[in-house]
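Structural characterization, general
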Amino acid sequence: NDGVIDKKCLAVNAPSSVAAEASLLSATFPDEHLFLAPGDNVAVDLLTGVFERRHLSYVIIDGSGGNLKQFAGSEKGYVGVDASAGDKAAISAALKHFREHRPFFTYIYLHDCKKALQSLDEKGYYNTVTGFDNCLGEFVAELQKEDIYYTSLLIVTSAASSSPSNFVPLVINGPMCKNNSKISG
(Lines give C-alpha, C1' and ligand atoms only; values in the text may rest on other atoms or scores of the structure.)
Protein backbone atom coordinates (compact mmCIF):
# COMPACT_ATOMS: atom_id res chain seq x y z
CA ASN A 1 0.00 0.00 0.00
CA ASP A 2 1.52 3.31 -1.09
CA GLY A 3 -0.30 5.63 1.30
CA VAL A 4 -3.47 6.39 3.18
CA ILE A 5 -6.10 7.30 0.60
CA ASP A 6 -9.87 7.20 0.81
CA LYS A 7 -12.77 9.11 -0.77
CA LYS A 8 -12.39 11.96 1.74
CA CYS A 9 -8.63 12.26 1.30
CA LEU A 10 -7.12 15.07 -0.70
CA ALA A 11 -3.76 14.86 -2.44
CA VAL A 12 -2.03 18.20 -2.89
CA ASN A 13 0.70 18.84 -5.43
CA ALA A 14 3.28 21.34 -4.25
CA PRO A 15 5.91 22.83 -6.56
CA SER A 16 8.77 22.02 -4.18
CA SER A 17 9.49 20.05 -1.02
CA VAL A 18 9.83 23.35 0.88
CA ALA A 19 6.37 24.40 -0.35
CA ALA A 20 5.05 21.03 0.84
CA GLU A 21 6.60 21.66 4.28
CA ALA A 22 4.88 25.08 4.30
CA SER A 23 1.58 23.31 3.66
CA LEU A 24 2.22 20.95 6.58
CA LEU A 25 3.20 23.78 8.94
CA SER A 26 0.34 26.07 7.90
CA ALA A 27 -2.38 23.49 7.24
CA THR A 28 -3.19 25.29 3.98
CA PHE A 29 -2.76 24.71 0.27
CA PRO A 30 0.21 26.14 -1.65
CA ASP A 31 -1.98 28.69 -3.44
CA GLU A 32 -3.19 29.92 -0.03
CA HIS A 33 0.12 30.16 1.83
CA LEU A 34 1.93 31.48 -1.30
CA PHE A 35 5.26 30.08 -0.15
CA LEU A 36 6.55 28.32 -3.22
CA ALA A 37 10.32 28.74 -2.91
CA PRO A 38 12.88 29.82 -0.29
CA GLY A 39 12.75 33.58 0.07
CA ASP A 40 8.97 33.83 -0.30
CA ASN A 41 6.94 35.10 2.65
CA VAL A 42 4.19 32.93 4.08
CA ALA A 43 0.83 34.67 3.56
CA VAL A 44 -1.12 32.70 6.23
CA ASP A 45 -0.83 31.88 9.92
CA LEU A 46 1.50 29.01 10.78
CA LEU A 47 1.00 26.40 13.49
CA THR A 48 3.93 27.98 15.31
CA GLY A 49 1.99 31.27 15.56
CA VAL A 50 -1.01 29.42 16.99
CA PHE A 51 1.26 27.74 19.56
CA GLU A 52 2.83 31.09 20.53
CA ARG A 53 -0.56 32.77 21.06
CA ARG A 54 -1.61 29.86 23.27
CA HIS A 55 1.72 29.90 25.13
CA LEU A 56 2.54 26.36 24.01
CA SER A 57 6.19 25.51 23.44
CA TYR A 58 7.36 24.08 20.14
CA VAL A 59 10.52 23.44 18.17
CA ILE A 60 11.34 22.87 14.54
CA ILE A 61 14.38 20.62 14.15
CA ASP A 62 15.58 21.53 10.67
CA GLY A 63 17.84 18.91 9.13
CA SER A 64 17.81 20.71 5.76
CA GLY A 65 20.51 23.15 6.75
CA GLY A 66 18.21 26.15 7.14
CA ASN A 67 15.36 25.94 4.62
CA LEU A 68 12.69 25.92 7.33
CA LYS A 69 14.06 28.68 9.59
CA GLN A 70 11.45 31.23 8.49
CA PHE A 71 8.69 28.90 9.73
CA ALA A 72 9.95 28.85 13.32
CA GLY A 73 8.65 32.26 14.37
CA SER A 74 11.45 32.70 16.92
CA GLU A 75 15.00 31.55 17.58
CA LYS A 76 13.89 29.57 20.64
CA GLY A 77 11.56 27.54 18.43
CA TYR A 78 14.27 26.55 15.96
CA VAL A 79 17.21 24.18 15.98
CA GLY A 80 19.20 24.07 12.75
CA VAL A 81 21.20 21.02 11.77
CA ASP A 82 23.62 21.11 8.85
CA ALA A 83 22.19 18.99 6.02
CA SER A 84 25.53 17.24 5.58
CA ALA A 85 25.43 16.06 9.22
CA GLY A 86 22.70 13.55 8.35
CA ASP A 87 19.41 12.36 9.79
CA LYS A 88 21.03 10.77 12.85
CA ALA A 89 22.34 14.20 13.88
CA ALA A 90 18.86 15.73 13.47
CA ILE A 91 17.27 12.94 15.55
CA SER A 92 19.97 13.42 18.23
CA ALA A 93 19.32 17.18 18.26
CA ALA A 94 15.58 16.53 18.63
CA LEU A 95 16.10 14.16 21.56
CA LYS A 96 18.53 16.57 23.26
CA HIS A 97 16.13 19.50 22.85
CA PHE A 98 13.22 17.41 24.07
CA ARG A 99 15.04 16.29 27.20
CA GLU A 100 16.04 19.88 28.04
CA HIS A 101 12.81 21.70 27.17
CA ARG A 102 9.91 19.20 26.85
CA PRO A 103 8.11 21.14 24.09
CA PHE A 104 4.44 20.61 23.40
CA PHE A 105 5.16 20.12 19.68
CA THR A 106 8.33 18.92 17.96
CA TYR A 107 8.65 18.98 14.18
CA ILE A 108 11.65 17.14 12.76
CA TYR A 109 12.68 17.59 9.15
CA LEU A 110 15.09 14.94 7.90
CA HIS A 111 16.98 15.51 4.67
CA ASP A 112 18.85 12.29 3.80
CA CYS A 113 15.99 10.46 2.03
CA LYS A 114 15.20 13.48 -0.17
CA LYS A 115 18.85 13.88 -1.10
CA ALA A 116 19.16 10.14 -1.88
CA LEU A 117 15.94 10.13 -3.92
CA GLN A 118 17.18 13.05 -6.00
CA SER A 119 20.46 11.22 -6.71
CA LEU A 120 18.54 8.60 -8.72
CA ASP A 121 20.74 5.90 -7.19
CA GLU A 122 18.22 3.18 -6.32
CA LYS A 123 20.56 1.18 -4.06
CA GLY A 124 21.73 4.33 -2.29
CA TYR A 125 18.11 5.42 -1.80
CA TYR A 126 17.06 2.11 -0.23
CA ASN A 127 20.16 2.13 2.00
CA THR A 128 19.21 5.64 3.11
CA VAL A 129 15.62 4.58 3.82
CA THR A 130 16.98 1.67 5.88
CA GLY A 131 19.16 4.15 7.78
CA PHE A 132 16.10 6.34 8.41
CA ASP A 133 14.19 3.30 9.66
CA ASN A 134 17.01 2.55 12.11
CA CYS A 135 17.05 6.20 13.30
CA LEU A 136 13.28 6.10 13.78
CA GLY A 137 13.62 2.88 15.78
CA GLU A 138 16.22 4.52 18.04
CA PHE A 139 13.96 7.57 18.44
CA VAL A 140 11.01 5.38 19.45
CA ALA A 141 13.24 3.45 21.88
CA GLU A 142 14.24 6.76 23.52
CA LEU A 143 10.58 7.80 23.81
CA GLN A 144 9.88 4.45 25.46
CA LYS A 145 12.82 4.93 27.82
CA GLU A 146 11.47 8.40 28.74
CA ASP A 147 8.08 6.71 29.37
CA ILE A 148 6.27 9.00 26.94
CA TYR A 149 5.92 6.79 23.88
CA TYR A 150 2.37 5.69 24.67
CA THR A 151 1.20 9.27 25.19
CA SER A 152 2.94 10.69 22.11
CA LEU A 153 1.45 11.16 18.68
CA LEU A 154 3.97 10.28 15.96
CA ILE A 155 3.33 11.27 12.37
CA VAL A 156 5.81 10.13 9.74
CA THR A 157 5.44 11.43 6.21
CA SER A 158 7.52 12.79 3.38
CA ALA A 159 7.22 15.54 0.85
CA ALA A 160 7.62 13.12 -2.05
CA SER A 161 7.25 9.47 -2.88
CA SER A 162 9.32 7.14 -5.00
CA SER A 163 6.30 5.02 -5.90
CA PRO A 164 4.77 5.07 -9.39
CA SER A 165 1.49 6.27 -7.84
CA ASN A 166 3.25 9.41 -6.48
CA PHE A 167 1.25 9.07 -3.25
CA VAL A 168 2.91 10.56 -0.17
CA PRO A 169 3.69 8.02 2.55
CA LEU A 170 1.89 8.62 5.85
CA VAL A 171 2.11 6.67 9.10
CA ILE A 172 0.30 7.80 12.25
CA ASN A 173 0.79 6.14 15.63
CA GLY A 174 -0.41 7.27 19.02
CA PRO A 175 -3.13 7.21 21.62
CA MET A 176 -6.57 6.70 20.10
CA CYS A 177 -5.12 5.16 16.91
CA LYS A 178 -6.54 1.74 16.15
CA ASN A 179 -4.04 -1.07 15.58
CA ASN A 180 -3.86 -2.65 12.14
CA SER A 181 -6.16 -0.02 10.61
CA LYS A 182 -6.05 0.23 6.87
CA ILE A 183 -7.79 2.64 4.56
CA SER A 184 -8.26 1.63 0.98
CA GLY A 185 -9.27 3.73 -1.94
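Residues numbered from 1 in each chain as written. Predicted model: local features only at pLDDT ≥ 70, side-chain atom pairs only at ≥ 80, totals over all residues. Heavy atoms only, no water.

What follows is about the packing of aromatic side chains. Within the structure shown, the criterion is met by 5 aromatic pairs. Ring geometry for Phe51 versus Phe104: centroids 5.6 Å apart, planes at 75 degrees, classification edge-to-face. Pair noted here: Phe51 is in helix α3 (residues 47-53) and Phe104 is in the loop between α4 (87-101) and β3 (105-109), with a separation of 53 residues, a long-range link. Residue Phe51 is classed as buried on the basis of its relative accessible area of 11%. With a relative accessible area of 54%, Phe104 lands in the exposed category. Members of the aromatic cluster, connected to one another through ring pairs, are Phe51, Tyr58, Phe104, Phe105 and Tyr107. (Phe/Tyr/Trp six-rings, centres within 6.5 Å; stacked < 30°, edge-to-face > 60°. Helix = DSSP H or I, 4+ residues; strand = E, 2+ residues; numbered from the N terminus. Buried < 20%, exposed > 50% of the residue type's maximum accessible area, 1.4 Å probe, protein only.)

We now examine the packing of α4 against helix α6 (residues 122-145). Following both chains from N to C, one finds α4 and α6 inclined at 15 degrees, their axes separated by 10 Å at the closest point. With respect to each other, α4 and α6 are oriented roughly parallel. Classified by chirality, the crossing of α6 by α4 is right-handed. Here Asp87, Lys88, Ile91, Leu95 and Arg99 of α4 come into contact with α6, specifically with Phe132, Cys135, Glu138, Phe139 and Glu142. (Axes fitted to C-alpha atoms, helices over the stretch in contact; angles between N-to-C directions. Parallel < 35°, antiparallel > 145°, perpendicular 65-115°, else oblique. Left-handed = near helix turned anticlockwise from the far one by under 90°. Contact = heavy atoms within 4.5 Å.)

What follows deals with the confidence of the model for the protein. Mean pLDDT over the protein works out to 76, with 75% of the residues at or above the 70 mark. Segment residues 1-9 is flagged for pLDDT under 50; beyond a separation of four residues in sequence, or across chains, it makes 18 contacts in the model. (pLDDT = per-residue confidence, 0-100.)

With that settled, consider unusual backbone geometry. Of note in the backbone geometry, His55 takes a positive phi value of approximately 55 degrees without being a glycine. For His55, a relative accessible area of 73% gives the class exposed. Even without being glycine, Arg102 reaches a positive phi, approximately 45 degrees. Checked against the element boundaries, Arg102 lands in the loop between α4 and β3. Given a relative accessible area of 40%, Arg102 falls into the partly exposed group.

As a further point, take α4. Taking 1.5 Å of rise per residue, the 15 residues of α4 would be expected to cover 21 Å, and the 21 Å separating its terminal C-alpha atoms lies within 8% of that figure. Among all positions of α4, only Asp87, Ala90, Ile91, Ala93, Ala94, Leu95, His97 and Phe98 are buried. For α4, the secondary structure elements touched by its buried residues are β1 (58-62), β2 (78-80), β3, α5 (112-118) and α6. At the exit of α4 stands Arg102, carrying a positive phi of roughly 45 degrees. (Expected span 1.5 Å × (residues − 1).)

With that out of the way, let us pick up the nonpolar core. Counting 18 residues, the largest nonpolar core has Ile61, Ile91, Phe139, Leu143 and Leu154 as its most contacted members. Of all the secondary-structure elements, those providing two or more residues to this core are β1, α4 and α6. Element by element, the count of residues in this core is highest for α4, at 6 residues. Beyond its immediate stretch of four places on either side in the chain, Leu143 contacts Ile148, Tyr149 and Leu154. Leu25, Phe71, Ala72 and Tyr109 belong to the second-largest nonpolar core, a separate cluster that totals 10 residues. (Core = buried A, V, L, I, M, F, W, Y, C linked by side-chain atoms within 4.5 Å.)

Before going further, it helps to examine the pattern of salt bridges. Scanning the entire structure with this criterion turns up 7 salt bridges. Between Glu75 and Lys69 there is a salt bridge, with the nearest N and O atoms lying 3.4 Å from each other. A relative accessible area of 57% means that Glu75 is categorised as exposed. Relative accessible area serves as the criterion here: at 41%, Lys69 is assigned to the partly exposed category. Measuring nitrogen to oxygen at the nearest pair gives 2.9 Å for the salt bridge that ties Glu146 to Arg102. (Salt bridge = Lys/Arg side-chain N within 4 Å of Asp/Glu carboxyl O.)

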